[in-house]
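This is what each chain is made of:
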Amino acid sequence: RGRRGFDLWEGLAGDIVIREVDITDDDQIKALAAEFRGEGLDVLLNNAAIHGPRDQRGTFGALDVAAWLNVFRVNAIAPMKVTETLLPNVKAGGQKKIVFISSRAGSIAERGLLPYHQNGGPYTYRSSKAALNAAAKSLAFDLAPAGISVITLHPGWVRTEMGGVEAGLDQETSVTGMRQVISQSSVADSGVFRNYDGSNIPW
């Protein structure tokens, strides 16, 4: 939201249309869909997310319910509502792909196996991504008859505002890898959870 989000697009060349939308506002999502009614969308990429509390409010023992619900709304519910509303555009597109940028922090199977997954928190963020993963997996089954591919991706631990300066992966490497995974995917790959380098991640 705000001007800062637009700054990220400055300097890009090509036929680019920018719209500022609060993905937690159903009316704004519907207005966007109405504006682009009838236009095909090859790849719908759901990327917006928030981390939520980074202090005790996000961990067991002092969980902030309001903050937790907000993280869930942005990270798990809003992407599904955006997809639900723009589905006609995806159906009209050529590639028919829906991509959710998630996190392996939402992997239940990996909990405790990776060095940075050995503790329980932050409950708020991890549980929201696990919920997104579950919804995306269900969506893959529902949209398979329409020939639509649903892909869930982990971008890696990237040096961004959310990832922090200690992250080991630069943005270019992450984006290049994810673009390759998306371009090479087909309906046969629908319902997968993959790393930016194409490797599978257990749910």
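Calculation notes
- Residues numbered from 1 in each chain as written.
- Predicted model: local features only at pLDDT ≥ 70, side-chain atom pairs only at ≥ 80, totals over all residues.
- Heavy atoms only, no water.
- Helix = DSSP H or I, 4+ residues; strand = E, 2+ residues; numbered from the N terminus.
- Buried < 20%, exposed > 50% of the residue type's maximum accessible area, 1.4 Å probe, protein only.
- Contact = heavy atoms within 4.5 Å.
- Phe/Tyr/Trp six-rings, centres within 6.5 Å; stacked < 30°, edge-to-face > 60°.
- Expected span 1.5 Å × (residues − 1).
- Bend = angle between axes of the 7 residues up to and from the residue.
- Polar contact = N/O pair within 3.5 Å; in protein donor to acceptor, adjacent residues only side chain to side chain.
- Axes fitted to C-alpha atoms, helices over the stretch in contact; angles between N-to-C directions.
- Parallel < 35°, antiparallel > 145°, perpendicular 65-115°, else oblique.
- Left-handed = near helix turned anticlockwise from the far one by under 90°.

A.B. asks: Before we move on, could you go through the side chain of N195 and cite the residues and values that matter?
C.D. replies: Mapping N195 onto the fold places it in strand β4 (residues 192-195). Of the residues examined, N195 reaches a relative accessible area of 7% and is grouped as buried.

A.B. asks: Summarise the environment of T124; cite the residues concerned and give the values.
C.D. replies: Relative to the helices and strands, T124 resides in helix α4 (residues 123-143). Measuring from C-alpha to C-alpha, the distance between T124 and A67 comes to 7.9 Å, with 57 residues separating the pair along the chain. Ignoring sequence-local partners within four residues, the contact set of T124 consists of H51, P53, R57, G58, L63, W68 and V71.

A.B. asks: Tell me about the packing of aromatic side chains, residues and numbers included.
C.D. replies: Applying the stated criterion across every chain yields a total of 2 aromatic pairs. For the ring pair F60 and Y123, a centre distance of 6.0 Å and an interplane angle of 25° mean the geometry is stacked. Remark: Y123 occurs in helix α4 and F60 occurs in the loop between β1 (43-46) and α3 (65-91); sequence separation between them is 63 residues. Between F193 and W203 the ring centres are 5.1 Å apart and the planes differ by 25°, which places this aromatic pair in the stacked class. On the criterion of sequence distance, the pair formed by F193 in strand β4 and W203 in the segment after β4 is long-range, its members being 10 residues apart. What makes F193 buried here is its relative accessible area of 2%.

A.B. asks: Describe the environment of L45, and please don't skip the residues or the numbers.
C.D. replies: Topologically, L45 is positioned in strand β1. In this structure L45 comes out as partly exposed when scored by relative accessible area, which is 41%. In sequence terms L45 and P79 are 34 residues apart; their C-alpha atoms lie 9.2 Å from each other. Among all residues touching L45, those that are not within four sequence positions of it are V99, I101 and I182.

A.B. asks: Can you break down α3 residue by residue, with the values?
C.D. replies: In this model α3 runs 37 Å from its N-terminal to its C-terminal C-alpha over 27 residues, within 8% of the 39 Å that 1.5 Å per residue would give. Along its length, α3 shows its largest kink, about 50°, at T85, and proline P88 lies within four residues downstream of that point. The backbone nitrogen of A66 has a side-chain oxygen 3.1 Å away, supplied by the residue at the start of α3, namely D64.

A.B. asks: So what's going on with the packing of helix α2 (residues 26-35) against α3? Residues and values would help.
C.D. replies: The N-to-C vectors of α2 and α3 enclose an angle of 30°; their axes lie 9 Å apart at closest approach. By the criterion of interaxial angle, the relationship of α2 to α3 is roughly parallel. Taken as a pair, α2 and α3 cross one another with a handedness that is right-handed. In this structure, α2 uses D26, I29, K30 and A33 to contact α3, whose residues at the interface are K81, V82, T85 and L86.

Keep in mind these numbers describe shape, not what the thing actually does.
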